[in-house]
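Residues per chain are reported as follows:
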Amino acid sequence: MSKISDGILKAVKQVKGGVLVDHHKDTKDMATVRITPPERVILPMQQHIGAPCVPVVRVGDHVDVGQLIADSDKYVSAPIHASISGKVTSVADVKVANGRMVPAVTIENDGEMTLFEGIAPPTVNNKEDLIKAIRNSGLVGLGGAGFPSHVKFNLPEDKEIDTLVINAAECEPFITVDYRECIENTRNIVDGVYLLKKILGFKNIIIAVEDNKPDAIKILKEIADSHEDNVVKVMTLKSKYPQGAEKMMVQSATGRIVPMGKLPADVGCVVANVGSVAFIARHVRTGRPIISRTLTVSGSAIANPMNVRVPIGIEASKVIEFCGGFKKEPVKIIAGGPMMGTALIDTDVPILKSNNALLAFADEVVTNKKERACIHCGRCVDACPMSLIPTDIEAMAMNKDAESLIKAGIMGCMECGSCAFSCPAGKPLVQYMRLGKDVVREAGAKK
Amino acid sequence: MKKLTVSASPHVRSPKTVPGIMLDVIIALVPALIASVVLFGFRSLLVTAVCVVSCIASEYIARKIMKRDNTIGDLSAIVTGMLLAFNLPVSIPLWMCVVGSVFAIVVVKQFFGGIGQNFVNPAIGGRIMMLVSFASAMTDWTAPLEWFKNGGIDAMSTATPLASLTANGDYSSLPSLLDMFLGVRGGCLGETCALALILGGIYLVARRVIKPVIPLCFIGTVAVIMLIAGKGDFEFMLYEVLSGGLLIGAIFMATDYATSPLTTKGKIIFAVGCGVITSVIRLFANLPEGVSYSIIIMNILVPHIESITRPRPFGAEKEKKEKKKEEAAS
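Reference entry: report on the structure contained in this document.

Cut-offs used in this document
Residues numbered from 1 in each chain as written. Chains lettered and ligands numbered in written order. Predicted model: local features only at pLDDT ≥ 70, side-chain atom pairs only at ≥ 80, totals over all residues. Heavy atoms only, no water. Pairing = 2+ DSSP bridges. Helix = DSSP H or I, 4+ residues; strand = E, 2+ residues; numbered from the N terminus. Buried < 20%, exposed > 50% of the residue type's maximum accessible area, 1.4 Å probe, protein only. Contact = heavy atoms within 4.5 Å. Phe/Tyr/Trp six-rings, centres within 6.5 Å; stacked < 30°, edge-to-face > 60°. Core = buried A, V, L, I, M, F, W, Y, C linked by side-chain atoms within 4.5 Å. Expected span 1.5 Å × (residues − 1).

### Some words on the pairing of strand E10 (residues 101–109) of chain A
Look at any regular strand and the pattern is simple: side chains alternate between the two faces of the sheet.
Residue and element names in this part refer to chain A.
Logical step 1: Sheet topology places strand E4 (residues 40–44) next to E10; five bridges connect them, and they run antiparallel. Each bridged residue has a counterpart across the sheet, and for Val41 the counterpart in E10 is Ile107.
Logical step 2: If you look at the hairpin formed by strand E9 (residues 86–95) and E10, you'll find five residues sitting between the two strands, and Gly99 has a positive phi there, around 95 degrees.

### Side note on the environment of A:Val310
Residues and elements named next belong to chain A.
Logical step 1: Mapping Val310 onto the fold places it in strand E16 (residues 306–311).
Logical step 2: Of the residues examined, Val310 reaches a relative accessible area of 1% and is grouped as buried.
Logical step 3: Separated by 276 residues in sequence, Val310 and Arg34 place their C-alpha atoms 6.6 Å apart.
Logical step 4: Here Val310 is in contact with Ile35, Ile291, Ser292, Arg293, Leu295, Val319 and Ile351, once residues within four sequence places are set aside.

### Topic: the sheet that holds strand E5 (residues 54–55) of chain A
All names here are of chain A.
Logical step 1: The strand order across the open sheet formed by three strands is E5-E7-E8, and the pairing between neighbours is antiparallel. Where the open sheet ends on each side, the last strands, each with one partner, are E5 and strand E8 (80–81).
Logical step 2: Taken together, the two bridges between strand E7 (residues 68–71) and E8 define a ladder with antiparallel strand orientation. Within E8, the residue paired with Ala70 across the bridge is Ile80.

### What to know about the packing of aromatic side chains
All names here are of chain B.
Logical step 1: Under the defined criterion, the tally for this structure stands at four aromatic pairs over all chains.
Logical step 2: Each ring, one from Trp95 and one from Phe134, has its centre 5.4 Å from the other, and the planes form 75 degrees; the classification is edge-to-face. Remark: Phe134 occurs in the loop between helix H5 (122–133) and helix H6 (135–138) and Trp95 occurs in helix H4 (residues 94–109); sequence separation between them is 39 residues.
Logical step 3: Judged by its relative accessible area of 51%, Trp95 falls in the exposed class.
Logical step 4: In this structure Phe134 comes out as buried when scored by relative accessible area, which is 13%.

### Thoughts on unusual backbone geometry
Logical step 1: Here the bond from A:Tyr241 into A:Pro242 is cis, since omega is -5 degrees, no more than 30 degrees from zero.
Logical step 2: Note that A:Pro242 resides in the loop between strand E13 (232–237) and helix H6 (246–254).
Logical step 3: With an omega dihedral of -5 degrees, the bond running from B:Ser9 to B:Pro10 counts as a cis peptide bond.
Logical step 4: Residue placement: B:Pro10 occurs in the segment before helix H1 (18–40).
Logical step 5: Non-glycine residue A:Glu170 carries a positive phi angle of around 45 degrees.
Logical step 6: Note on placement: A:Glu170 falls in the loop between strand E11 (163–167) and helix H3 (177–184).
Logical step 7: One non-glycine residue with positive phi stands out, namely B:Lys67, at about 55 degrees.

### Some remarks on the side chain of B:Asp24
Logical step 1: Within the element layout of this structure, B:Asp24 appears in helix H1.
Logical step 2: Not counting residues within four places of it along the chain, the set of residues in contact with B:Asp24 comprises B:Lys16, B:Tyr203, B:Leu204, B:Arg207 and B:Val209.

### A word on the nonpolar core
Logical step 1: If you look at the biggest cluster of nonpolar residues, it comprises 98 residues, and the most contacted ones within it are B:Phe86, B:Leu88, B:Ile92, B:Met130, B:Phe218 and B:Phe252.
Logical step 2: For B:Phe218, the residues in contact, after removing those within four places along its chain, are B:Leu246, B:Gly249, B:Ala250, B:Ala254, B:Ala271, B:Cys274, B:Gly275, B:Thr278, B:Val291, B:Ser294 and B:Ile295.
Logical step 3: Within the second largest apolar cluster, 46 residues are counted, among which are A:Ala133, A:Tyr179, A:Cys182 and A:Phe279.

### Things to note about the environment of A:Ala208
All names here are of chain A.
Logical step 1: Along the polypeptide, Ala208 turns up in strand E12 (residues 204–210).
Logical step 2: Residue classification places Ala208 among the buried positions, given a relative accessible area of 0%.
Logical step 3: The sequence separation of Ala208 and Val88 amounts to 120 residues, and the corresponding C-alpha distance is 42 Å.
Logical step 4: In this structure, Ala208 is in contact with Ile166, Asn167, Ala168, Ala169, Met235, Leu237 and Met249, ignoring residues within four places of it in sequence.

### Some remarks on helix H4 (residues 186–200) of chain A
All names here are of chain A.
Logical step 1: In this model H4 runs 21 Å from its N-terminal to its C-terminal C-alpha over 15 residues, within 8% of the 21 Å that 1.5 Å per residue would give.
Logical step 2: Turning to H4, its buried residues are Asn188, Ile189, Val190, Gly192, Val193, Tyr194, Leu195, Leu196, Ile199 and Leu200.
Logical step 3: In the stretch just after H4, Gly201 is the one whose phi turns positive, near 65 degrees.

### Quick word on the sheet that holds strand E15 (residues 292–298) of chain A
Residues and elements named next belong to chain A.
Logical step 1: Taken together, six strands build an open sheet; the order of strands is E3-E16-E15-E19-E17-E18 and the sheet is mixed. Each end of this open sheet is capped by a strand with a single partner; those strands are strand E3 (33–34) and strand E18 (342–343).
Logical step 2: Where E3 and E16 come together, two bridges link them in parallel fashion. Residue pairing in the sheet places Val33 in a bridge with Val308 of E16.

Any functional reading would require information that these geometric values do not contain.
This is how it looks when you write it as structure tokens:
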């Protein structure tokens, strides 16, 4: 945390690799609009990394907004709450964004939006209270990965965690959810930051933003200056994908390198999405669990791109309808950003807690290149933020050479897509990476 | 609604494509082609055309016979053809061009799997085969700017400056340094005009097709060694840099993706190696020129350079440490 100019930090160490992707932040100046509640919501039991939930309601039950409908007794999991009030009409398998069939609870809207009477602000005086409150809120990382937040903030006692990095980089193109959060929800971010500092005792709090968001930087700077203790600082990053990746963020903010296969906590850091931090403050104030979230709906096929606040479980088709439908025939629809998002098979899938965007493209952006032979140009090597050699890993994956794959560091690959983005031969390198990981896992299982 | 496209991420791709990159290389070679016509006449166009056409045809036929997909659309055969032609004297019999092109494409490139798989540069492979097979035709140098004087019927022969260049010697028999820079000297048809080659190099760097590291290290190494060998004779060093095939080799041939290392560290080792071998051949060996040989030798060493310059994955422990730990554990 050396170079401070004008009270704004610069990255301690420039992250290697990465690619320059067109930003397309077309919706950045559009205030978040609240959607009309849909006729029904579909709440899949798996909206997070970890164990799936088990429904605690039955068909025919009446539920209110914020009422617990599913939970799990496993540690790494997050409970699910009703996002509208009404009658449970089905508890059955539904199709989700990635094409899998997952058990889900469907609720038919009664049009009342009655708030569940059991909702009350939690008392948070110590770490145990906070972790319990976060768990009960059902919060998962809102940046896209969906890791249960109560696990992340339950800092291990044996490790000294001194730094909280708040991720507002939003390095994926098109998405403006975190940006709007900074502009519209400043108060909650401030509260969340100081709550986490007070309870978890961070010595440094660094809010990281890419330098293409001057308005957000200004607002975050005001947050940082609002307390005199000088613990909270704003750090600007070059607008380069994937600056927002957790390990990259830790390196930029502290210069520390997260060892292969370890977590930021192993080098004394926690990285949290700015929206998650704001949500924690709101939850502690109101007791409301996570039942809605903001989505960026954009792309060349969407009639009226906008940022829209939707109840969790709303079908993607309803969100697109609200945004004026398609102005051109969509060729590809993506849940999430264009670099790491999932392509949808169709639009009747529900929006999950961790979805931050719904993008529909008519053609131009998503045309895939013809796959050709590798010309050994090294663009993937230059692009890889993890210093891997994707072109070599491709060959190892095809040969099912688990030993070489491990040595080549395949398990460090976070599938950011920088290699495939930059490949002039149009190689689906991320798929080869996934294949390689499967080869390693299979070999591990055999042993 | 029509069926949606479902594919793995990322859903956006950079605009760079293999044919696009090859097209950039072709564009970068155009100034040198124009210079060759000005210096050596329209026959240089003919030689280039014959090489390019034979390269495309032999790639097409070879792929067809091997029952592999047709790859002439990636334009790499055109690049090979142009580079091979640029490394030939303008007076070369056309049938030799065909033999060289077929060797470059079929033996050097396709036998090893086609684009990206060849372990030496096809154009250099072809040229060296021709040097060995057709020694006299390959070293029959035509004097520049003579072709329009007598209709090109009686082309005047000349020597390349390299043959008569010695440190601290008399440079009066050689073309002036300005002539050397503009390419008014004997030599292969595309290698003489330094100006045109440097323009092409700048274009390639600006288009991010190549990084400047290989050309700079290669040429820099030759310059430094020649300066030392010439005991500080600056003029000698400049003659060495501007003569032979150093510029075309350093800018267009040593930077070939398939036959140069992936990492910057590897590229530096590779280019310095090329420079050292070129200098040693020029200073001590019984050969007039060493650029092609130096590149081909370093091409062969690329796998070894790669294995010692492999980057350590982010967050991975140092290998030595691991070994020590294992020893301590056992």
